[in-house]
Amino acid sequence: MIEQEFDAIVVGAGMSGNAAAYTMASQGLTVLQLERGEYPGSKNVQGAIMYADMLEQIIPDFRDDAPLERHLVEQRFWVMDDTSHTGMQYRSDDFNEAKPNRYTIIRAQFDKWFSRKVRQAGATVLCETTVTELVRSASGKVIGVRTDRAGGPIYADVVVLAEGVNGLLGTRAGLRKMPKPESVALAVKEMHFLPDEVIEQRFGLQGDEGCVIEAAGTISRSMAGLAFLYTNKESISLGIGCLVSDFAQTMESPYVLLDNFKNHPSIRPLIAGSEVKEYSAHLIPEGGYKAIPQLFGDGWVAVGDAAQLNNAIHREGSNLAMTSGRIAGEAIIEIKGRNQPMIRRNLALYKTMLDKSFVVKDLMKYKDMPALIHTNSRNFFMTYPQLMSQAAQNFMRVDGTPKIEKEKATTAAFIKARSRWGLISDVVRLALAWR
Amino acid sequence: MTMAVTKLRVEEKLYQNRYLVDPGRPHIKVRPHERPSANLLALTHICPAKCYELNDKGQVETTSDGCMECGTCRVLCEANGEIVWNYPRGGFGVLFKFG
């Protein structure tokens, strides 16, 4: 198929793969990028929020032509029980800045744009090509890939595994283990289309302003999970995700959770009358720092979701993916510039650089959160949301009960549900994991 | 503004999606078994595309045509050999318009 030997082969055209391919190609390396989808983005699923700073470091003038939906001026966080939500809301006109910080995007469109930039930078991008195997030398160094296209293997000095959370290549080759069911969430999402003026009216937005709602509580039926609603220009991305281990234990159906979320009295009016045009599902790496696998070896590096680089606490994924892809690309460029071979010892530079970045520092900060949330999901996603709702309702309903009795009743409900010691212990453990 | 959202069955949700099915080449297979394990049985409920169903002998079968390639079944059931998982050939499978 392709006779040429490349400086680098990038497997996958998602956020991390595009960032790596762009970085390397724009510095003159010969790059081949392989994507199994019909077009870049056709296999990629995300919420999706895109963080400008991380993309700006790769393509500074991206705002000129990238397909961006809305820049976010408002964030709501809702704790839900079956009939109510207790919310925190932050909205600031400061986010209406010349270079906004966060945007909603639609991945299929965004990835096509990013891929066009990769091709313009000089990389060869081949779609509809599934990489089936890594090719190794007698000493075990990765020297290329085999694909499902006719023809022999394709060779390169280094292979960048940007194959996503469900990457088969790396696990099959024994470079990393399969993600554990308790360190990946299964999320399902629907795209709800509405006229832009209806979206603006319902969320109090003007022009390209956007709003995000993230919600936790009884909607995940005591599983560790999170639901979301993101406003795009003429559509709303709406979904819910929970840990795969919790799904396997409860045998809840993800599409039932999604429909219940859509029918929640706090959500239903926001999407009323919309036309659903797509239903998607995707795994999200949730294991954090402790789930990061080996990131480099002889002739290969792993980036993005394939390397479990996702900050579940802050719901940041694509920016860690883009940054890890960029850093891997920069490390490879530097090794190449020194005329050194792409072996484990030299590619360790990638990890050294990544450790110094926000990517690993942020994941390290929350290294104990995934285990805490996973082992206490019933308290965090069922008991506390119900208690919060009862407390708020008790406080707001005026019925002649003296306030002192209301306060006592609320305190008693918390103690009854979790015990004094349980409450203190939950607070302490949460504080320690957050620190 | 209070129009109820119609409750869709998952088959109707999948109907919104675009797929290019590779006839005769299913990318997921369930290994023959007498009784399904708890994880394999769970797939009949938790697969988001409802690709797994029980047959009348109580065994789990799969039809991967509506698969969204999320990998949930792989994470739960590949390691112990209950299913064989591959990606569809290049260009085939689900094709997200929005993603």
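Starting afresh in each chain, residues are numbered from 1 along the sequence in its written order. Working convention: letters from A go to chains and numbers from 1 go to ligands, in the order in which they are written. Residue-level local features of this predicted model are given only where pLDDT is at least 70; pairs of side-chain atoms are given and counted only at 80 or more, and the full residue set underlies all totals for whole chains, interfaces and linings. Excluding hydrogens and water, the side-chain values take into account all heavy atoms of the structure.

Below, the discussion takes up the pattern of salt bridges. Salt bridges, as used here, are contacts in which a Lys or Arg side-chain nitrogen is within 4 Å of a carboxyl oxygen on Asp or Glu. With the rule as written, the count across this model stands at 33 salt bridges over all chains. When the shortest N-O distance is used, the salt bridge between Asp111 of chain A and Arg107 of chain A registers 2.9 Å. Of this pair, Asp111 of chain A and Arg107 of chain A both sit in helix H3 (residues 107-120), 4 residues apart, which is roughly one turn of that helix. This pair shows no difference in class: Asp111 of chain A is buried, exactly as Arg107 of chain A is. The shortest N-O distance in the salt bridge between Glu78 of chain B and Arg74 of chain B comes to 3.3 Å. The way it works is that DSSP assigns letters per residue, a run of H or I at least four long becomes a helix, a run of E at least two long becomes a strand, and they are numbered from the N terminus. Buried, partly exposed and exposed residues are distinguished by accessible area as a fraction of the type maximum, computed with a 1.4 Å probe on protein chains only: under 20%, between the cut-offs, and over 50%, respectively.

Turning to the side chain of Arg202 of chain A, a few remarks are in order. Residues and elements named next belong to chain A. Inspection of the secondary structure puts Arg202 in helix H5 (residues 196-203). Counted as a polar contact is a pair of N or O atoms within 3.5 Å, where, for protein atoms, one must be capable of donating a hydrogen and the other of accepting one, and residues adjacent in sequence contribute only when both atoms are in side chains. A polar side-chain atom of Arg202 sits 3.0 Å from the main-chain carbonyl oxygen of Leu270. At 2.9 Å, the side chain of Arg202 forms a polar contact with the backbone oxygen of Ala272.

Any two residues whose heavy atoms approach within 4.5 Å at even a single point are treated as in contact. Each partner contributes to the interface: chain B provides 46 residues, whereas chain A provides 60 residues. A per-residue breakdown of the area chain B buries against chain A is headed by Arg74, Phe96 and Phe98 of chain B, which together make up 17% of the total. Summed over the shared surface of chain B and chain A, the number is 6 salt bridges. In this assembly, chain B and chain A are joined by 28 residue pairs in polar contact (both at pLDDT 80 or more). Among the secondary structure elements, those contributing two or more residues to the side of chain B that touches chain A are helix H1 (10-15), helix H2 (38-46), helix H3 (72-77) and strand S6 (93-95) of chain B. A per-element tally of the side of chain B that touches chain A places H2 of chain B first, with 6 residues. Of the residues belonging to the side of chain B that touches chain A, the class tally is 26 nonpolar, 11 polar and 9 charged. Two parts placed together each lose some accessible area under a 1.4 Å probe, and the buried area is that loss summed for both. Under the grouping applied here, Gly and all other residues not named as nonpolar or charged are polar, the nonpolar ones being Ala, Val, Leu, Ile, Met, Phe, Trp, Tyr, Cys and Pro and the charged ones Asp, Glu, Lys and Arg.

We now examine the nonpolar core. Soluble globular proteins tend to pack their nonpolar side chains together in the buried interior. Here, the term nonpolar core denotes a set of buried Ala, Val, Leu, Ile, Met, Phe, Trp, Tyr and Cys residues that are joined through side-chain atoms within 4.5 Å. Met24, Met50, Phe62, Phe114 and Tyr350 of chain A are the most contacted members of the largest nonpolar core, which has 80 residues in total. Among the elements that line this core, the one with the most residues is helix H9 (residues 318-337) of chain A, at 9 residues. Counting contributing residues, this core receives three or more from each of domain 1 (4-66 + 105-176 + 292-355) and domain 2 (182-283) of chain A. Once residues within four sequence positions are removed from consideration, Phe114 of chain A is found in contact with Met15, Asn18, Ala19, Tyr22, Leu55, Ile58, Ile59 and Met322 of chain A. Counting residues in each nonpolar core, the second largest holds 62 residues, with Phe261 and Leu283 of chain A together with Cys67 and Met68 of chain B among its members. Segment limits for the domains were obtained from an automatic or database-derived domain assignment.

This brings us to the UniProt feature "domain: ETF-QO/FixX C-terminal" (unreviewed entry) in chain B. UniProt positions are given in the numbering used here, feature names are shortened, and annotations may be inferred rather than shown by experiment. The sites that UniProt annotates as "domain: ETF-QO/FixX C-terminal" (unreviewed entry) are residues 44-93 of chain B. With 18% helix and 20% strand, residues 44-93 of chain B has its two end C-alpha atoms placed 20 Å apart.

On to the packing of H9 of chain A against helix H11 (residues 358-365) of chain A, then. Residue and element names in this part refer to chain A. At a closest axis distance of 9 Å, the pairing of H9 and H11 adopts a crossing angle of 135°. Classified by the angle their axes make, H9 and H11 are oblique. Contacts between H9 and H11 involve Asn319, Leu320 and Thr323 on the former and, on the latter, Phe358, Val359 and Leu363. Residue composition of the contact of H9 with H11, by class: 4 nonpolar, 2 polar and no charged. Every axis corresponds to a line fitted to the C-alpha atoms, with the helix fit spanning only the stretch in contact, and the corresponding angles, defined between N-to-C directions, vary from 0 to 180 degrees. Working rule for angles: under 35 degrees goes down as roughly parallel, over 145 as roughly antiparallel, 65 to 115 as roughly perpendicular, anything else as oblique.

This brings us to the environment of Lys361 of chain A. Residues and elements named next belong to chain A. With respect to the helices and strands, the residue Lys361 is situated in helix H11. Lys361 sits 149 residues away from Val212 along the chain, and the two C-alpha atoms are 26 Å apart. Beyond its immediate chain neighbours, meaning those up to four positions away, Lys361 contacts Asp355 and Lys356.

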